[in-house]
Protein chains: 2
Amino acid sequence: MNDQRSNKSFDYMDENGRIILRPIGVVHSPLQGKSNDAPFQSFVSDIKGTIEVFEEFEPGLDGIEKFSHIFVIYYMHEAEKIKLRTVPLMEEEEQGIFATRSPSRPNHLGASTMRLLAHKSRFLDVEGLDIFDGTPVIDIKPYVAKVDIVKGVDSEWLTRKLEKIKSRKLE
Amino acid sequence: MNDQRSNKSFDYMDENGRIILRPIGVVHSPLQGKSNDAPFQSFVSDIKGTIEVFEEFEPGLDGIEKFSHIFVIYYMHEAEKIKLRTVPLMEEEEQGIFATRSPSRPNHLGASTMRLLAHKSRFLDVEGLDIFDGTPVIDIKPYVAKVDIVKGVDSEWLTRKLEKIKSRKLE
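Residue numbers run consecutively from 1 along every chain, following the written order of its sequence. Going through the entries in the order they are written, you letter the chains from A and number the ligands from 1. Given that this is a predicted model, residues contribute local features only at a pLDDT of at least 70 and side-chain atom pairs are listed and counted only at 80 or more, while totals for whole chains, interfaces and linings are drawn from all residues.

Numbering of helices and strands runs from the N terminus; a helix is a DSSP stretch of H or I covering at least four residues, while a strand is a stretch of E covering at least two. The helix and strand inventory of chain A stands at two helices and nine strands. Each helix and strand of chain A, ordered N terminal to C terminal, gives the series β-β-β-β-β-β-β-β-β-α-α. Residues with at least 20 neighbouring C-beta atoms inside 10 Å of their own are called buried, those with 12 or fewer are called exposed, and the rest are partly exposed, where every C-beta is derived from the backbone. For chain A, buried positions account for 42% of its 171 residues. We call two residues in contact if the C-beta atoms placed from their backbones are at most 7 Å apart. Nonlocal contacts in chain A, meaning residues at least 24 apart in sequence, comprise 71% of its contacts between residues at least 6 apart.

Written out as structure tokens, the structure reads:
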């Protein structure tokens, strides 16, 4: 069995067993503010913005315009705390952090799918943003129906619960 | 506009503007080998394995068993190169790296959805693995139908293309 210590010798890690990533771009979004103001995931967002990819990575975008949607991994830089248990946004009971999308996770990575409206040189115009302005982008992948739309998912209990809480809060 | 330089003052980055992450666990998988042997995404995989979360993060898993599927972000530690353009696995034409799922991306992050079979203390038994044994796990999130199953995705052209190439290669 591998453990954290055995990983320390890998060269992609630093001397403390940590992994080093470089931002490949930045999000330009009308959303400003701290983590708790984020819209509840992009399924309720029709917010438009732009993903700027830094110049050195521009060739990496070739062909991305063939996809209707992209999947973006980013660093939630506004997140200040790490919590292992939290009360998720719009919910009422504490959960383990990995059972939530809260930014307060051990590694502040976010992952969102958005519609790709246009690819212009090193800029991607997108719709369905739930990311703050200035957020560092770590990776962009095509969203592929065959891979990313999973069959047999049972999370309707959560959808119902959230809609119930939401309508109560809006009253 | 933000740029790479302006990010350097953020405290989650090191002095070179890089982001530091800590593995939260490790994948135990029957898949051994180098990046190019990976099965083509989990939609063709019924491979079972276990995600081990390191002891300190165990409380973060509370409640995850309520989800049928989880979404795992991991570091593709077998990836050796960074390429900005590549010929994707099972395809024939070169693409920008961000228009592919190739491990040779600037940050070697992978993202896969898998079925959660069981949650036993700090171990998650999963099905649908496309990840090598020993891969460091960076984050685990619940896969939520309402958020992650995107409507109106047009990537059927790719599915058709891949199935065509695959059947040709299997002949």
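This part is about the sheet that holds strand β7 (residues 109-120) of chain A. All names here are of chain A. Only strands joined by at least two bridges in the DSSP assignment are considered to pair. In spatial order, the strands read β2-β3-β8-β7-β4-β9; together these six strands close into a barrel with antiparallel pairing. Ignoring which end each strand starts from, the neighbouring axes of this sheet average 45° apart. In terms of strand pairing, strand β4 (residues 69-75) meets β7 through seven bridges, oriented antiparallel. Within β7, the position partnered with V72 by the bridge is S112. Angular values range over 0 to 180 degrees, each being the angle between N-to-C directions of two axes fitted as lines to C-alpha atoms, with helices fitted over their stretch in contact.

This part takes up the relation of the copies chain B and chain A. Rotating chain B by 180° and moving it 0.0 Å along the rotation axis overlays it on chain A with an RMSD of 0.0 Å. Such a combination of turn and shift is consistent with a two-fold rotation axis. Mapped onto chain A, 100% of the interface residues of chain B again fall at the interface, so both copies present the same surface. Here the copies were fitted onto each other by least squares, based on C-alpha atoms from residues at pLDDT of at least 70 in both.

Right, let's get into the pairing of strand β3 (residues 48-53) of chain A. Residues and elements named next belong to chain A. A one-sided burial pattern is seen for β3, the buried positions being G49, I51 and V53 and the unburied ones K48, T50 and E52. With four bridges joining them, strand β2 (residues 25-28) and β3 adopt antiparallel strand pairing. Pairing of G25 across the sheet is with V53, part of β3. Where β3 and strand β8 (residues 123-127) come together, five bridges link them in antiparallel fashion. Directly across from E52, in β8, lies its bridge partner F123.

Quick look at unusual backbone geometry now. Residue and element names in this part refer to chain A. With a phi close to 45°, S121 is a non-glycine residue in the positive phi region. Among the structural elements, S121 can be located in the loop between β7 and β8. The exposed category is assigned to S121, around which 10 C-beta atoms lie within 10 Å.

Our focus in this paragraph is the interface of chain B and chain A. How large an interface is tends to be reported as the accessible area lost when its parts come together. In this complex, chain B contributes 66 residues to the contact, which on the side of chain A involves 67 residues. Contributions of two or more residues to the side of chain B that touches chain A are made by β1 (19-21), β4 (69-75), β6 (95-96), β7 (109-120), β9 (136-142), α1 (145-148) and α2 (156-170) of chain B. Residue contributions to the side of chain B that touches chain A peak at six residues, all from β9(B). In this classification, Asp, Glu, Lys and Arg are treated as charged, Ala, Val, Leu, Ile, Met, Phe, Trp, Tyr, Cys and Pro as nonpolar, and every other residue, Gly included, as polar. Tallied by class, residues from the side of chain B that touches chain A come to 36 nonpolar, 17 polar and 13 charged. Both strand β1 (residues 19-21) of chain A and β1(B) contribute to a ladder of three bridges, which runs antiparallel.

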